[in-house]
Amino acid sequence: MPALSYADAPTVEAHGISARPMAVPSRGSTELAIWYLNVPPRSDPQEHSVDKEEVFVVQSGVLSGHIDGVAVAAGPGDALLVPPGVPFAVGNTGDEPTVALVCTSAGVTATVQGSPVTPPWSR
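Remember, it's a predicted structure, so these values are computed and weren't measured experimentally.

Visitor: Report on the overall build of the chain, specifying residues and quantitative values.
Guide: Regarding its fold elements, the chain presents zero helices and 12 strands. Secondary structure elements of the chain occur, N-terminal to C-terminal, as β-β-β-β-β-β-β-β-β-β-β-β. Against the compact-globule benchmark of 14 Å for 123 residues, the chain has a radius of gyration of 14 Å, which places it among compact chains. Taking the principal axes of the C-alpha coordinates as reference, the chain spans close to 40 × 30 × 25 Å.

Visitor: Give me the UniProt feature "domain: Cupin type-2" (unreviewed entry) in the chain: which residues, what numbers.
Guide: In the numbering adopted here, UniProt assigns the feature "domain: Cupin type-2" (unreviewed entry) to residues 36-102. In this annotation, residues 36-102 is assigned 0% helix and 54% strand; the end-to-end C-alpha distance for the span is 6 Å.

Visitor: Got a sec to walk through the pattern of salt bridges? Specific residues and values, please.
Guide: This structure, assessed with the given rule, holds one salt bridge. Between D95 and R42 there is a salt bridge whose closest N-O contact spans 2.1 Å. Highlighted residues: D95 in the loop between β9 (88-91) and β10 (98-105) and R42 in the loop between β3 (32-39) and β4 (49-50), separated in sequence by 53 residues. Each member of the pair, D95 as well as R42, carries the same accessibility label: exposed.

Visitor: Residue-level account of the side chain of E54, with values.
Guide: The topology assignment puts E54 in strand β5 (residues 54-60). Although buried, E54 forms no salt bridge, and the nearest oppositely charged side chain, K52, lies 11 Å from it. Excluding anything up to four places from it in sequence, E54 contacts W35, L80, L81, V82, F88, V102, C103 and T104.

Visitor: So what's going on with the pairing of strand β2 (residues 17-23)? Which residues, and what values?
Guide: Burial analysis of β2 places six of its seven residues in the buried class, the great majority of the element. Here strand β1 (residues 12-14) runs beside β2; their pairing, made up of three bridges, is antiparallel. Bridging from a neighbouring strand, A14 pairs with I17 of β2. Here β1 hands over to β2 after two residues, with H15 in that stretch at a positive phi of 55°. Bridge count for β2 against β3 is five bridges, and the pairing is antiparallel. Within the sheet, the bridge partner assigned to A19 lies in β3 and is L37.

Visitor: Outline the packing of aromatic side chains, supporting the account with residue identities and numerical values.
Guide: We describe a pair of aromatic rings using the distance from one ring centre to the other and the angle between the two ring planes. Overall, the coordinates contain three aromatic pairs when judged by the stated rule. Measuring from ring centre to ring centre gives 6.4 Å for W35 and W121, while their planes differ by 55°; the resulting arrangement is tilted. You can see W35 sitting in strand β3 and its partner W121 sitting in the segment after β12 (115-117), a full 86 residues away along the chain. Comparing W35 with W121, the two get one shared label, buried. For R20, the ring lying beneath its charged end belongs to Y6, and the centroid distance is 4.1 Å.

Definitions and limits used
Residues numbered from 1 in each chain as written. Predicted model: local features only at pLDDT ≥ 70, side-chain atom pairs only at ≥ 80, totals over all residues. Heavy atoms only, no water. Helix = DSSP H or I, 4+ residues; strand = E, 2+ residues; numbered from the N terminus. Rg over C-alpha atoms; globule rule 2.2 N^0.38 Å. UniProt positions renumbered as here; feature names shortened; annotations may be inferred. Salt bridge = Lys/Arg side-chain N within 4 Å of Asp/Glu carboxyl O. Buried < 20%, exposed > 50% of the residue type's maximum accessible area, 1.4 Å probe, protein only. Lys, Arg positive; Asp, Glu negative; His and termini not counted. Contact = heavy atoms within 4.5 Å. Pairing = 2+ DSSP bridges. Phe/Tyr/Trp six-rings, centres within 6.5 Å; stacked < 30°, edge-to-face > 60°. Lys NZ or Arg CZ within 6 Å of the ring centre and 35° of its normal.

As structure tokens, this is what we get:
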């Protein structure tokens, strides 16, 4: 299926955010995992790491937090690059919702509080 509709994408909720899987293995992608991330205002990010590079491209609002202990903030059109194995947390400290497009490799695994987790929106 080469055309994947946003309207047909399921919504997955976790830690106060929602994700809409677009091109992920469950929808036919074999190499990439791409989803929309919807982050409500004043959301508290949960620190974790991923085993594959992850890129957040902000569509609206501001995505903020830290990557490897360094404070970061990205607005519309900006991107945050998270290297594999680096602790990070991104959320939204602003008053407006944030939407970002996230891209990584299919099969990404996160580590949260020392335990491996396969993010449900990347499957």
